[in-house]
Amino acid sequence: MKDSHNGYLGFMIRKTVKLDEIEWFAVRGGWTSCPAKVHFTLPGKACVYLRRRRSWDVSFTTNRQGELSEVLLSLGVPRGA
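Here's what I pulled together on the structure shown here. (Residues numbered from 1 in each chain as written. Predicted model: local features only at pLDDT ≥ 70, side-chain atom pairs only at ≥ 80, totals over all residues. Heavy atoms only, no water.)

### Side note on the overall build of the chain
Now for step 1: When helices and strands are tallied, the chain shows two helices and four strands.
Now for step 2: Ordered by position in the sequence, the α and β elements of the chain form the string α-β-β-β-β-α.
Now for step 3: For the chain, the residues scored as buried account for 27% of the 81 residues in total.
Now for step 4: Contacts in the chain between residues at least 24 apart in sequence constitute 40% of all its contacts with a sequence separation of at least 6.
Now for step 5: Looking at the chain as shown, the accessible area adds up to about 5800 Å², and 55% of this sits on carbon and sulfur atoms. (Helix = DSSP H or I, 4+ residues; strand = E, 2+ residues; numbered from the N terminus. Buried < 20%, exposed > 50% of the residue type's maximum accessible area, 1.4 Å probe, protein only. Contact = heavy atoms within 4.5 Å. Areas by Shrake-Rupley, 256 points an atom, 1.4 Å probe, with all protein chains shown as cover.)

### Section: the packing of aromatic side chains
Now for step 1: With the rule as written, the count across this model stands at one aromatic pair.
Now for step 2: On the basis of an interplanar angle of 40° and a centroid distance of 5.7 Å, the ring pair of Trp24 and Tyr49 is categorised as tilted. Of this pair, Trp24 sits in strand β1 (residues 22-29) while Tyr49 sits in strand β3 (residues 46-52), and the two are 25 residues apart along the sequence. Grouping residues by exposure puts Trp24 and Tyr49 together as buried.
Now for step 3: For the cation-ring pair, Arg28 lies above Tyr49, with the distance from its terminal atom to the ring centre recorded as 4.9 Å. (Phe/Tyr/Trp six-rings, centres within 6.5 Å; stacked < 30°, edge-to-face > 60°. Lys NZ or Arg CZ within 6 Å of the ring centre and 35° of its normal.)

Next up, the structure:
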């Protein structure tokens, strides 16, 4: 059986964003508040928006927005608008 954190969508569709490609990130409430062209939506309390230096921006929903913010900040990714 698969890990409970991996759904079928994540298994079939994968998107990798390198850290040096991220210009900044933002955590916003609800999935509709992230206008990225590439958006992965599953039920979640918030969405994380990744503004990329080149190529399309990416966003995804999460229930762990605080943890994700801490990790991205600790990796040197600045918080944006």
